[in-house]
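What follows is each chain in one-letter form.
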Amino acid sequence: VVGELLSTEGKDAIVNVNNVKLTISLKKLSPTQKKPETAAKKSAKNSLAHELNEKMARFELTIDLRGKRADEALEQLQRYIDDALLLRIKEVSILHGKGYGILREVIRDYLKTVPEIERFGDAPVEFGGAGITKVVFR
């Protein structure tokens, strides 16, 4: 643990570690070139971890794009796939409906461009068939 030496009193030292003052034997200390983590850095790390935890808690394994225009659906899908990759999700479902197949085609054209996707295809018939695309990540 890296801390800041505040003072010495006989054979003991007072060290600031993460804004906590500790009294420790001088024998247990060794000099280092590393700087102690500041509260701002630690706060930034905690903030990032908190944000990821929030994102994971809200993440749904299925996205419903039915009724959306192609450009709107594509924008939503790109954010969704990015989040899935960030959170290391293994498999997701994209609900696009059957209709004329235009949305399905646009979605699959995009999925072909994402190198982290191992495979994708229709869901089993009992789970929606051609109206749902299942995506499996590497």
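Summary of the structure given here. A quick note: this is a predicted structure, and the numbers were derived from the prediction, not measured.

Describing the environment of aspartate 83
Item 1. Among the secondary structure elements, aspartate 83 is positioned in helix α2 (residues 70-86).
Item 2. Residue aspartate 83 is classed as partly exposed on the basis of its relative accessible area, which comes to 23%.
Item 3. Separated by 27 residues in the primary sequence, aspartate 83 and methionine 56 have C-alpha atoms spaced 8.8 Å apart.

Some points on the sheet that holds strand β2 (residues 12-17)
Item 1. A sheet is described by the order of its strands in space; here three strands give the open sequence β1-β2-β3, paired in antiparallel fashion. Two strands lie at the open edges of the sheet, namely β1 (4-9) and β3 (20-25), each paired on one side alone. Averaged over neighbouring strand pairs, the angle between their axes works out to 25° when direction is ignored.
Item 2. Judged from the six bridges that link them, β2 and β3 form a sheet pairing that is antiparallel. From the neighbouring strand, asparagine 16 faces β3, where its bridge partner is lysine 21.

What counts and what doesn't
- Residues numbered from 1 in each chain as written.
- Predicted model: local features only at pLDDT ≥ 70, side-chain atom pairs only at ≥ 80, totals over all residues.
- Heavy atoms only, no water.
- Helix = DSSP H or I, 4+ residues; strand = E, 2+ residues; numbered from the N terminus.
- Buried < 20%, exposed > 50% of the residue type's maximum accessible area, 1.4 Å probe, protein only.
- Pairing = 2+ DSSP bridges.
- Axes fitted to C-alpha atoms, helices over the stretch in contact; angles between N-to-C directions.

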